[in-house]
Amino acid sequence: MNKKKIINDPVYGFISIPTELIFDLIEHRYFQRLRYIKQLGMTHLVYPGALHTRFHHALGAMYLMGMAIETLRNKGHQISHEEEEAVIVAILLHDVGHGPFSHALEETIVEGISHEDISSMLMERLNEQFDGKLTMAIDIFNGTYKREFLHQLVSSQLDMDRMDYLNRDSFFTGVSEGVISSDRIIKMLNVKDDHIVVEEKGIYSVEKFLIARRLMYWQVYLHKTVIAAEQLLVKALKRSRELALAGEPIFTTPALSHFLKKPISRDAFMKEDHHLEAFASLDDTDIMAAVKVWANHDDFVLNKLCRDLVQRNLYKVDITNEAPDKQFIADLTNKAMEEYGITEHEASYFVFDDTIRNKAYKSGDGNIGILMKNGTIKDITAASDNSNLEALAKTVKKYILCYKKELIN
């Protein structure tokens, strides 16, 4: 069988699959599942074009990784063909553990376990099936391989994952502020003392990368209507689980039933193989099939949450710098109880507050090093003459209040 395939990617053009092992991994059902998991959760309810998937993103990150390895080799760094294949496998599979709707339902399906944990578990399972051929890739992914810079290309503050998702998400949402010069940044990469650095002449491209990331968070990832849609989905799942655990009849697909109708602890998920297999069968279609059926459920709360989601009747979201007024929340809760004829607990599905955080750059945490012309390395915030970059290293915390619009009419 011919495994030298070419994929036409809307962001980068033609992408070649570099090796037979990578072709076989792409063909595997664990990876094919990513076709049915949206990259940006419920963001398409705000930006209609945001229907791209984790499958697209993983292939794009794979392509950028190939460019990065070629650049470093051209600068005299010895990277074996085995290391090249391993680091490409690591970036290809870095998101294989994402659950339905990506980050929207993280920790809703299985509490206390991240998609990175599940990615690592699935990679171990694949390694068994591929006779140990993924061992080096897993070491690179986990940061235990002897050459640290390879891990940094997969997971750091200037990795191929971030470079692809900023360009890809801005492309599909149409938000041009997220466009970055990934080609130029990659051409400016180098290795010093086993760490990835950026040559000084690439400093302005890195500045734009950090600013683009901040803008994309406020304009796309933490857009208040995106928050409204994702919170509605989370609340629908929470209510369905509450009813299921109380013995109420709840429609589910077999894969969703596994996680909805009995609580699964982090320890149980990590130790018992059948949970991972059930998770590997779960995608967006399981959730949306259930939501459409639940829109006709006898339970008022579940019925309304799902009807509102299907019909895009989302929460009103107030984002503020100060915590919302407790009396205002209490008044809205009472209004919901009176309007809908429900209990105070049930009203918490329609009126609730939370917090959101945005930090574009974590200074000192695997920081972005700039290789100066004299051979020294400076953190990007020290090397740059852009005073705004220091502000990007501060965590911005905002408060959100979600409630149904009809409660204030």
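This structure is a prediction, so every number in the text was calculated from the model and none was measured.

K.L.:
It is not clear to me how empty space enclosed by the protein should be interpreted in this structure. Could you clarify?
P.N.:
By rolling a water-sized probe across the atoms, one finds the places where empty space is left. One pass over the structure, following the stated rule, counts one cavity of 30 Å³ or more. Space inside the largest cavity adds up to approximately 100 Å³. Here the lining of the largest cavity is built from residues that sort into seven nonpolar, six polar and two charged.

K.L.:
Is there a simple way to explain the sheet that holds strand β4 (residues 195-199) in this structure?
P.N.:
One key point about sheets: their strands pair by backbone hydrogen bonds, in either a parallel or an antiparallel sense. Strand order in the open sheet formed by four strands is β3-β4-β7-β8, and the pairing between neighbours is mixed. If you trace the sheet from one side to the other, it starts and ends with β3 (189-192) and β8 (377-379), each paired once. Pairwise comparison of adjacent strand axes, ignoring direction, gives a mean angle of 45 degrees for this sheet. Bridge count between strand β7 (residues 369-371) and β8: three bridges; the pairing is antiparallel. Bridging from a neighbouring strand, Gly369 pairs with Asp379 of β8. Packing against the sheet, helix α3 (residues 54-74) makes contact with β3 and β4, and its axis sits at approximately 60 degrees to β3.

K.L.:
Even after reading the chapter, I still don't get the packing of α3 against helix α8 (residues 160-173), so can you show me in this structure?
P.N.:
Here α3 crosses α8 at 125 degrees, and the two axes come no closer than 8 Å. Taken together, the axes of α3 and α8 are oblique relative to one another. Relative to α8, the crossing made by α3 is right-handed. Listed contacts from α8 to His56, His57, Gly60, Ala61, Leu64, Met65 and Ala68 of α3 are Met160, Asp161, Met163, Asp164, Tyr165 and Arg168. Residue composition of the contact of α3 with α8, by class: seven nonpolar, three polar and three charged.

K.L.:
Any chance you could explain the nonpolar core here in plain terms?
P.N.:
Soluble globular proteins tend to pack their nonpolar side chains together in the buried interior. Formed by 144 residues in total, the largest nonpolar core has its most connected members in Leu153, Met160, Leu189, Phe269 and Trp294. Among the elements that take part in this core, α3 stands out by supplying eleven residues, more than any other. Once residues lying within four places of it in the same chain are set aside, the contact partners of Leu153 are Met65, Ala68, Ile69, Leu72, Ile91, Asp159, Met160, Leu189 and Ile196.

K.L.:
Sorry, what's going on with the sheet that holds strand β5 (residues 316-320) here?
P.N.:
Reading across the sheet, the three strands line up as β5-β9-β6 and stay open at both edges, with antiparallel pairing between neighbours. The sheet terminates laterally at β5 and β6 (351-358), the two strands that pair on one side only. For this sheet, the mean inter-axis angle between neighbouring strands, taken without regard to orientation, is 25 degrees. Two elements, β6 and strand β9 (residues 396-403), share eight bridges in a ladder whose sense is antiparallel. Looking across to β9, one finds that Phe352 is bridged to Cys402. Lying over the sheet, helix α10 (residues 203-221) contacts β6 and β9, oriented at roughly 170 degrees with respect to β6.

What counts, and where the lines are drawn
- Residues numbered from 1 in each chain as written.
- Predicted model: local features only at pLDDT ≥ 70, side-chain atom pairs only at ≥ 80, totals over all residues.
- Heavy atoms only, no water.
- 1 Å grid on protein atoms, 1.4 Å probe; cavity = no way out; pocket = protein on both sides within 12 Å on 5 of 7 lines; lining within 4 Å.
- Points joined across faces, edges and corners; volume = space filled by probe spheres on them.
- Nonpolar A, V, L, I, M, F, W, Y, C, P; charged D, E, K, R; others polar.
- Pairing = 2+ DSSP bridges.
- Helix = DSSP H or I, 4+ residues; strand = E, 2+ residues; numbered from the N terminus.
- Axes fitted to C-alpha atoms, helices over the stretch in contact; angles between N-to-C directions.
- Contact = heavy atoms within 4.5 Å.
- Parallel < 35°, antiparallel > 145°, perpendicular 65-115°, else oblique.
- Left-handed = near helix turned anticlockwise from the far one by under 90°.
- Core = buried A, V, L, I, M, F, W, Y, C linked by side-chain atoms within 4.5 Å.
- Buried < 20%, exposed > 50% of the residue type's maximum accessible area, 1.4 Å probe, protein only.

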